Amino acid sequence: MSISLQSSGTFAVGGKTVHRLGFGAMSLTGPGVWGPPRDHDEAVRVLRRAVELGVDLIDTADSYGPYVSEEIIKEALHPYPERLLIATKAGFVRTGPGQWHVVGRPAYLRQEAEMSLRRLGLERIDLLQLHRIDPDVPLEDQLGELKALQDEGKIACVGLSEVSVEELERARRIVDIVTVQNRYNLTNRVSENVLEHCEAQGIGFIPYSPIAKGALAAPGSPVDHVAKAVGATPAQVSLAWLLARSPVVMPIPGTSTVAHLEENLAASTVSLTPEQVAELSAR
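Residues numbered from 1 in each chain as written. Predicted model: local features only at pLDDT ≥ 70, side-chain atom pairs only at ≥ 80, totals over all residues. Heavy atoms only, no water.

A. Region of interest: the overall build of the chain. Per the secondary structure count, the chain includes 10 helices and 11 strands. When each of the 283 residues of the chain is scored for burial, the buried share is 55%. Accessible surface for the chain amounts to roughly 11,500 Å². Of this, 50% is attributable to carbon and sulfur atoms. Counting 27 positive and 35 negative side-chain charges, the chain places the averaged centre of each group 1 Å from the other. (Helix = DSSP H or I, 4+ residues; strand = E, 2+ residues; numbered from the N terminus. Buried < 20%, exposed > 50% of the residue type's maximum accessible area, 1.4 Å probe, protein only. Areas by Shrake-Rupley, 256 points an atom, 1.4 Å probe, with all protein chains shown as cover. Lys, Arg positive; Asp, Glu negative; His and termini not counted. Charge placed at Lys NZ, Arg CZ, Asp CG, Glu CD.)

B. Representation of the packing of helix α7 (residues 222–230) against helix α8 (residues 234–245). The N-to-C vectors of α7 and α8 enclose an angle of 95 degrees; their axes lie 9 Å apart at closest approach. What the angle tells us is that α7 and α8 run roughly perpendicular. Facing α7, whose interface residues are V223, V226, A227 and V230, α8 presents P234, V237 and S238. (Axes fitted to C-alpha atoms, helices over the stretch in contact; angles between N-to-C directions. Parallel < 35°, antiparallel > 145°, perpendicular 65-115°, else oblique. Contact = heavy atoms within 4.5 Å.)

C. Fine view of helix α3 (residues 106–120). Over its 15 residues, α3 extends 21 Å from the first C-alpha to the last, a length consistent with the 21 Å expected when each residue adds 1.5 Å. Buried residues of α3: Y108, L109, E112, A113, S116, L117, R119 and L120, and no others. Positive phi shows up at G121, right after α3, with a value of about 70 degrees. (Expected span 1.5 Å × (residues − 1).)

D. Geometry of the sheet that holds strand β11 (residues 204–208). Pairing is parallel in the open sheet, where 7 strands are placed in the order β3-β4-β5-β8-β9-β10-β11. Lying at the two open borders of the sheet, with one neighbouring strand each, are β3 (23–24) and β11. Strand contacts of helix α6 (residues 192–201): β10 (177–183) and β11, with the helix running at about 150 degrees to β11, the strand carrying the most contacts. (Pairing = 2+ DSSP bridges.)

E. Here's a closer look at the packing of aromatic side chains. In this structure the tally under the stated criterion is 3 aromatic pairs. Geometrically, the ring pair formed by Y184 and W241 is stacked, given 6.0 Å between the ring centres and 20 degrees between the ring planes. With a gap of 57 residues between them, Y184 in the loop between β10 and α6 and W241 in helix α8 connect regions that are remote in the sequence. W241 shares its class with Y184; the two are buried. Counting every residue linked through ring pairs, the aromatic cluster contains Y184, F205 and W241. The ring of W100 has R94 lying over it, and the distance from NZ or CZ to the ring centre is 4.0 Å. (Phe/Tyr/Trp six-rings, centres within 6.5 Å; stacked < 30°, edge-to-face > 60°. Lys NZ or Arg CZ within 6 Å of the ring centre and 35° of its normal.)

The structure is reproduced here in structure tokens:
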């Protein structure tokens, strides 16, 4: 199957317009999102091949590794192509494999933004996302610090991750929010109302863990049926459904191998009929 990200459509994030099928760089770390990847050279090849194939949205975070993902992105791609948008996150701390802790203190968010600038080799971060809202810190303080960084020219745009509609609207009263990154796929649609709200407001919606797994993708399932009909893999059908779901959706499938990367990106050329989209949506 050929790969043409033009078919995935585009979405404007701040001053950059990117293809809607991007790349999530969490997989470029060790087990439990901790430490270096098993194959460092392959991780570098994955990033370079992604950009070569037209990917211009790469999503990462300070906590991936921690720091490992950002460092590999710089090693592989710096100096960056003009069109490339690198989105990173702060506010979620890694203290060991599989361990996550929310930290939204303003001084910490500023520290991590400054260090992400250094690790990525940037003068300004295209998109900095608050990785999680810290319930122990006033939202106004957390996002107020990101707005201050934006006013200083250190970040261009602000996004959120794992939020409700109510939290999104509270945040928008503090700073302009251009993207929301929530878990969303064929199997998990808890954030359906958030996606619908983002579409109505013209806010980009970045679904993480975008590929359906489990029973929905098993032999004989709707995903399997559609995949056979269009000559694609279940993963490609999952991604194609997301692209068809809304023009504000920007899936970021991740991987640590070039072969899997190419398979995922080929989803951009999978065309689903309205009937197939309806069959998948009905689940």
